[in-house]
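Structural characterization, general
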Amino acid sequence: MVFVNSTGTLKLNTGAEIPQIGLGGWAGISPEERFAARDWMLAGLKAGYRHIDTAVIYGTEASVGDAIRRSGIPRSEIYVTSKLPWNGHGRVREVFEKSLKDLDIDYIDLYLMHWPVAVVYQEGNDFPTNPDGTTPVLHDVSFNDIYADLEKLLETGKVKAIGVSNLSIKTLNQLLETAKVVPAVNQVELHPYRAQDELVQYCKSKGIVVEAYTPSGRDVVRKDPVIVELAAKYKVSPTQIILAWHITRGVVILPGSTNVERQKENMKLPILAEEDVKKINALDRFESMIYRPFEVKGTLWGWPLERYGW
């Protein structure tokens, strides 16, 4: 069987190369889980990963930095992504500098605006709620202005590229009306049940690389009969089939796993026949595996769903 080059890269609009297979840095919500991430992240680096994706809200920046230091791998060989939290508006430089300190590195390769919403800042609480259960947001703070503050970070030389996350064609069009720097990346939920092909093609037309989080679609997608059948055909796991499908689309994938063997599996991906890619394409139903439980009174994180452009 022929396998994908696990060290393959994609070129960003900055001219830099980004590893197409990265290690997702979400570890859970407890301090213990976030601290423990340093060990499985170290295992990932030893297994061959050279791209780690984290975020302020993940609470794993310190663990990423610890894993990098203990790995003995030169910093220049590891691609690090972090993200401005949704309550970081008005203090972008301050939040960015804290990320650098927590990561204990001199620069960040890619820094993303995590969400287009501006959630009200409450010290020590990244997930504030109104009495009715909705998320308090500042409607007079635009993501265009927040992104403009990210652009200013490029002047520091401490970040090599900037980008966005959770933007649609609608919100990207709104952003590009004022952006001086085209985002290098748009990181979104992407898997066979939420293929977002129109968004992927749009981003490519603008020179924006798409990154997939929750790339396997969790158990629901992994247990789909089509995926299971293809896994048997190629003699690999369902996750490997799904990740291989992403690779054919020219998308960066960010699978997360605390299990060393699964980490290795996620880098050993078969090259799929075109007919099998089409079978997976046909599964698309624009279904999220993450956000429905967080929808409150027709809103998600304080915004009406239509405002996201989904």
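Read on for an overview of the structure. (Residues numbered from 1 in each chain as written. Predicted model: local features only at pLDDT ≥ 70, side-chain atom pairs only at ≥ 80, totals over all residues. Heavy atoms only, no water.)

Below, the discussion takes up the packing of aromatic side chains. Applying the stated criterion across every chain yields a total of 14 aromatic pairs. For the pair Phe96 and Tyr111, a centre-to-centre distance of 5.0 Å together with 75° between the ring planes defines the contact as edge-to-face. Taken together, the residues span a long stretch of sequence, with Phe96 in helix 3 (residues 92-103) and Tyr111 in strand 6 (residues 108-113) at a distance of 15 residues. Aromatic side chains Tyr308 and Trp310 sit 4.6 Å apart centroid to centroid with 15° between the ring planes, which places their arrangement in the stacked category. Ring pairing ties together the aromatic residues Trp86, Trp115, Phe127, Phe143, Tyr291, Phe294, Trp301, Trp303, Tyr308 and Trp310, which thus form one cluster. Lying across the ring of Tyr107, Lys160 places its NZ or CZ 4.9 Å from the centre. It is Lys268 that lies over the ring of Phe3; its NZ or CZ is 5.0 Å from the centre. (Phe/Tyr/Trp six-rings, centres within 6.5 Å; stacked < 30°, edge-to-face > 60°. Helix = DSSP H or I, 4+ residues; strand = E, 2+ residues; numbered from the N terminus. Lys NZ or Arg CZ within 6 Å of the ring centre and 35° of its normal.)

Size it by volume and the largest pocket reaches roughly 1,100 Å³. Lining the largest pocket are 39 residues, with Trp26, Tyr213, Thr214, Arg218 and Ile290 sitting closest to its centre. Breaking the lining of the largest pocket down by element, the ones donating at least two residues are helix 1 (31-47), helix 7 (218-222) and helix 10 (260-265). One number sums up the size of the second largest pocket: a volume of about 560 Å³. (1 Å grid on protein atoms, 1.4 Å probe; cavity = no way out; pocket = protein on both sides within 12 Å on 5 of 7 lines; lining within 4 Å. Points joined across faces, edges and corners; volume = space filled by probe spheres on them.)

Mapped onto the elements of the fold, Ile290 is located in the loop between helix 11 (274-281) and strand 11 (295-296). Taking the relative accessible area as the measure of exposure, Ile290 reaches 13% and is therefore buried. Along the chain, Ile290 and Lys180 lie 110 residues apart, while their C-alpha atoms are 32 Å from each other. Apart from residues lying up to four places away in sequence, Ile290 is in contact with Glu189, Tyr213, Thr214 and Arg218. (Buried < 20%, exposed > 50% of the residue type's maximum accessible area, 1.4 Å probe, protein only. Contact = heavy atoms within 4.5 Å.)

As a further point, take the pattern of salt bridges. If you walk through the whole model with that rule in mind, you get 19 salt bridges. Among the ionic pairs, Glu189 bridges to Arg194, the shortest N-O distance being 3.8 Å. With relative accessibility at 5%, the residue Arg194 sits in the buried group. The partner of Asp219 in a salt bridge is Arg222, with the nearest N and O atoms 2.8 Å apart. Taken as a pair, Asp219 and Arg222 lie in helix 7 at a separation of three residues, close to a single helical turn. Overall, the relative accessible area of 42% leaves Asp219 in the partly exposed class. A relative accessible area of 24% places Arg222 in the partly exposed class. (Salt bridge = Lys/Arg side-chain N within 4 Å of Asp/Glu carboxyl O.)

Before going further, it helps to examine the sheet that holds strand 11. Taken together, the three strands give an open sheet; going across it, the order is 11-12-13, and neighbouring strands pair in antiparallel fashion. Among the strands making up the open sheet, the edge pair consists of strand 11 and strand 13 (303-304). (Pairing = 2+ DSSP bridges.)

Quick look at helix 2 (residues 61-71) now. Residue pairs three or four apart in sequence face the same way in an α-helix, which turns once every 3.6 residues. The buried count for helix 2 comes to eight of eleven residues, which makes it a mostly enclosed element. Within helix 2 the residues assigned to the buried category are Glu61, Ser63, Val64, Gly65, Asp66, Ala67, Ile68 and Ser71. Buried residues in helix 2 make contact with helix 1, strand 4 (51-53), strand 5 (79-84) and helix 3. Directly beyond the C-terminal end of helix 2, a positive phi value near 80° is found at Gly72.

Okay, the nonpolar core next. Core analysis: the largest hydrophobic core is formed by 83 residues, its most contacted members being Tyr111, Met113, Leu150, Leu172, Ile241 and Leu272. Setting aside its immediate chain neighbours within four residues, Ile241 contacts Ile227, Leu230, Ala231, Tyr234, Val236, Pro270, Leu272 and Ile280. Core analysis: the second largest hydrophobic core is formed by twelve residues, Leu12, Ile18, Val209 and Val252 among them. (Core = buried A, V, L, I, M, F, W, Y, C linked by side-chain atoms within 4.5 Å.)

To continue, consider empty space enclosed by the protein. Per the stated rule, a full pass over the model turns up two cavities of 30 Å³ or more. By volume, the largest cavity is sized at about 50 Å³. For the lining of the largest cavity, a count of residues per class yields six nonpolar, two polar and two charged. By volume, the second largest cavity is sized at about 40 Å³. If you trace the second largest cavity, you find it lined by Leu84, Pro85, Trp86, His89, Met113, His114, Trp115, Val117 and Ile146. (Nonpolar A, V, L, I, M, F, W, Y, C, P; charged D, E, K, R; others polar.)

A word on the packing of helix 4 (residues 143-153) against helix 5 (residues 169-176). Geometrically, a packed helix pair is captured by the angle between its two axes and the distance between the axes. Their axes nearest at 9 Å, the elements helix 4 and helix 5 cross at an angle of 60°. When the axis of helix 4 is compared with that of helix 5, the two are oblique. The element helix 4 and its partner helix 5 pack so that their crossing is right-handed. When helix 4 is examined against helix 5, the residues Phe143, Asn144 and Tyr147 are found in contact with a partner set consisting of Thr171, Gln174 and Leu175. Across the contact of helix 4 with helix 5, the residue classes tally to three nonpolar, three polar and no charged. (Axes fitted to C-alpha atoms, helices over the stretch in contact; angles between N-to-C directions. Parallel < 35°, antiparallel > 145°, perpendicular 65-115°, else oblique. Left-handed = near helix turned anticlockwise from the far one by under 90°.)

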